[in-house]
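Structural characterization, general
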Amino acid sequence: MSIEKLKWAAIISFIVSFILLLGGGYLAKDRLPPYPGKVVDPEGKVLFLKSDIIDGQNAYQRYGLMDHGSVWGHGSQRGMEFSAKTLRYLGDSVRNYLANEEYGKSYASLDELQKSIIDMKATKELKANRYDPVKDTLTLTKAQVSSLEPIHQFWEKTFKEGERRYGFLPGTIRLEEERLQISRFFFWTAWVASTNRPDKDYTYTNNWPADRSVGNVPTAGVYLWTLGGIFALLVVLGIFIFFVHHYGIWYGAAKGIPLTEKMIDMPLTPSQFAAAKYFLVVILLFLIQTSFGGLLAHYTVNPASFYFPIIAAIIPYSWAKSWHLQLAIFWIATTWIGSAIYLAPIVGGVEPKRQSSLVQILFVAILVVAGGSLLGEIAGIKGLLGDWWFWIGHQGWEFLELGRFWQILLFVGLIAWLVMVYRPLARHLKRKSKGEFSSLVTFYLFSAILVVAFFGFGLLYGRGSHLTMADYWRWFVVHIWVESIFEFFGIAVISLLLVSMGLASARAALTVAYFTATLVFLGGILGTAHHYFWYGGPSFWLGLGAVFSSLEPIPLFGLVVRGLLEYKSIRKEGREFPYRWPLYFLVASSFWNFLGAGVFGFLINLPIVNYYEHGTYLTMNHAHGALFGVYGMLSIGLLLFSWRGLVQKAFWNDGILKVSFWGFNIGLFLLTLGTLFPVGILQVWTSYKEGLWLARDASFFERPIVTLLGMVRIIPDLTIIVVGVIPLGYFIFKTYRHLKARE
């Protein structure tokens, strides 16, 4: 198959997928769960207003509670599921009210027949939609009104006095007015989850969370599209295998082995020398990030406590979770920035004027954005920023915690990085007749443009935006940016590296790049829809997400496997390959792409599984395997590839890197399959049998087996930190003194 045809297949795949996803969002915006202008009782008395719900939503975001729990399943998997918990209180209150009205006693005192009657009446009452769009008014029944006070009192006590079993410290939410408003917001999320859409037999959240006591069970579409997802995987996998073998993709003679030795002996340009310090920052961020991960694991077993009490008293779970996520993004992004700066003069063959000065300025800017945003998140969680919380504090969205001001600065910094990468590569783009290597460089640069562009989608929602639409745009960054555009960029980077290391010809790498990108765009962009299953969006997301997210496991593991095979052939010839450990980390990235992103992702993306799994540790298991396993390992591979060319040959030490490699991979394997996965399975079973609210209740995490698995997690955590991060950091800092000479 010609490269030109593959290129157009990738372009069409991207355009069609993007248009369909945007079209779905356009249709969804008119089917959002309503924020009623006012909520009234049966006599018309106003109970609260839309502004109370929005203010409660702002409080939820201001104090970083998405990193201490979740709403409709999105957020932290360890804390309370706020909407499911509130829905449980709502259901209990309605059943008790109806039981007293019907039988003159509490629901718990009824016999089984009487309970069944009340259950049916309660479900019917909860499912009925009494929102009047003309008057913009929601009318509650007397039974529903009876739930408002116990719901308010529960959240008032939790956020004022603290709740040690969930890790909430006293004064989590400072003001009484905010605690009342957040109880109204949580009530609204429960109403959305229990009330049928107009003229439909399922709720605004497609009957999520699972809770039979309020009539929330899977819809017929959930079962139907689960079969559709399995069918799509098998069909496309068969087509994929046919194309690989029929057209000989990933095969062909490798050339250019001497290039690796040439790169090692190359003197450094000023910009490459300046880029070295980026990797020192990477190691420091990496160490802090994994340490906060260990603290979170400790909080899982021992909420709101630590060996040093002052730490638990100062650092709440939301702070630790926010930093754990933000630092991961920062160190991975900084690695990619630094390695791209190092690689650009090699690929472009030129060092532009004042490139080194621009690299120094960007370095300072990264430190300012990282430091400012991290400190702002603390101040926001502590309630110290007033109305500035959204701009310089904690924006309130998982993975996009940094305040909007810092987010804009980071976006500007990424644009500046893009310009720096473009300048040395410009001559490849200006050629009228491009060779295969120049086409590969163009592919790489276009992937970098998409990395920057898709980060910008996180700016399309603001403070007070509708919860469902804000989350729609958030996933453009969290999912598409990571599981499509990052993969696209990763394909480009791996292709360039394998060509540079002499393990693939430019033509073979370009063929695989276009072929893989076609599938990455289909699965990664349209597969985003699986995040919209239960978050207040229309039911058509079930079909779109089920079919296309099933394609995500297929594409990105063959290229590196081919590289590894070439490496083996080189060793058989008696050649010593200088980029051994950078390549091994790329192979590890490929392995985790298959297991962490592919297998673990496919296991939870099918609608019927996701219905019971959503908001459990199976999601966390997939996240660790995908983010750290795929992009963390890829980033370390890029770091070491760059460092191999930065450091003098005499001071390179494969032995330390071998220890670090196995520390990372054994630790992550034990973390996922040894702790997170089994806890997730237990949660899914509990969600199926009893309801999601119980799978996220403190009593679940206090079960002996769950506590034991939580305690065992200290082994993989320490393995990653002590055997993985620290040896790598020691190696990088020790050899920094022995950089090669500049030109």
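Residues numbered from 1 in each chain as written. Predicted model: local features only at pLDDT ≥ 70, side-chain atom pairs only at ≥ 80, totals over all residues. Heavy atoms only, no water.

What about the packing of helix α17 (residues 506–526) against helix α18 (residues 540–549)?
- Between α17 and α18, the shortest axis-to-axis distance is 8 Å and the interhelical angle comes to 145°. The interaxial crossing formed by α17 with α18 has left-handed handedness. Contacts between α17 and α18 involve Leu522, Gly523 and Leu526 on the former and, on the latter, Leu544, Gly545, Phe548 and Ser549.
- The residue makeup of the contact of α17 with α18, split by class, is four nonpolar, three polar and no charged. (Axes fitted to C-alpha atoms, helices over the stretch in contact; angles between N-to-C directions. Helix = DSSP H or I, 4+ residues; strand = E, 2+ residues; numbered from the N terminus. Left-handed = near helix turned anticlockwise from the far one by under 90°. Contact = heavy atoms within 4.5 Å. Nonpolar A, V, L, I, M, F, W, Y, C, P; charged D, E, K, R; others polar.)

Overview of helix α5 (residues 142–161)
- Here α5 contains 20 residues, and its C-alpha end-to-end distance of 30 Å stays within 8% of the 28 Å for a straight helix at 1.5 Å per residue.
- What α5 keeps buried is the set Ala143, Gln144, Ser147, Leu148, Ile151, His152, Phe154, Trp155, Glu156, Thr158 and Phe159.
- Along its buried surface, α5 packs onto β2 (46–49), β5 (80–81), α3 (82–103), α4 (112–127), β7 (137–139) and α6 (176–194).
- The positive-phi residue at the C-terminal boundary of α5 is Gly162, with phi of around 90°. (Expected span 1.5 Å × (residues − 1). Buried < 20%, exposed > 50% of the residue type's maximum accessible area, 1.4 Å probe, protein only.)

A short note on the sheet that holds β5
- The strand order across the open sheet built from three strands is β4-β3-β5, with neighbouring strands paired in mixed fashion. Edge positions in the sheet fall to β4 (74–75) and β5, since each of these pairs with one other strand and no more.
- Alignment of strand β3 (residues 69–71) against β5, held across two bridges, turns out to be parallel. Residue pairing for β5: Ser70 is matched across the bridge by Glu81. (Pairing = 2+ DSSP bridges.)

Observations concerning the side chain of Thr195
- Inspection of the secondary structure puts Thr195 in the loop between α6 and α7 (220–246).
- A distance of 2.8 Å separates a polar atom in the side chain of Thr195 from the backbone oxygen of Trp191. (Polar contact = N/O pair within 3.5 Å; in protein donor to acceptor, adjacent residues only side chain to side chain.)

Some words on the pattern of salt bridges
- Enumeration over the complete set of coordinates arrives at 14 salt bridges.
- Asp211 is the partner of Arg88 in a salt bridge, and the nearest nitrogen-oxygen pair spans 3.4 Å. With Arg88 in helix α3 and Asp211 in the loop between α6 and α7, this pair connects stretches of sequence that are 123 residues apart. Each member of the pair, Arg88 as well as Asp211, carries the same accessibility label: buried.
- A salt bridge links Arg95 to Asp92, with the nearest nitrogen and oxygen atoms 2.6 Å apart. Of the two residues, Arg95 and Asp92 are both situated in helix α3; the distance of three residues between them amounts to about one turn of the helix. (Salt bridge = Lys/Arg side-chain N within 4 Å of Asp/Glu carboxyl O.)

Quick notes on the packing of α3 against α4
- In contact at an axis separation of 9 Å, α3 and α4 are set at 120° when each is read in the N-to-C sense. Judged on the interaxial angle alone, α4 and α3 are oblique. Seen from above, α3 lies across α4 with right-handed handedness. Between α3 and α4, the residues in contact are Leu90, Gly91, Val94, Arg95, Leu98, Ala99, Glu102 and Tyr103 and Gln114, Ile117, Ile118, Asp119, Lys121, Ala122, Glu125 and Leu126, respectively.
- Tallied by class, residues from the contact of α3 with α4 come to nine nonpolar, two polar and five charged. (Parallel < 35°, antiparallel > 145°, perpendicular 65-115°, else oblique.)

Digging into the environment of Phe231
- Take Phe231: it is sitting in helix α7.
- Phe231 gets classed as exposed once you look at its relative accessible area, which sits at 59%.
- Taking the C-alpha atoms as reference, Phe231 lies 8.0 Å from Val547; in sequence the two are 316 residues apart.

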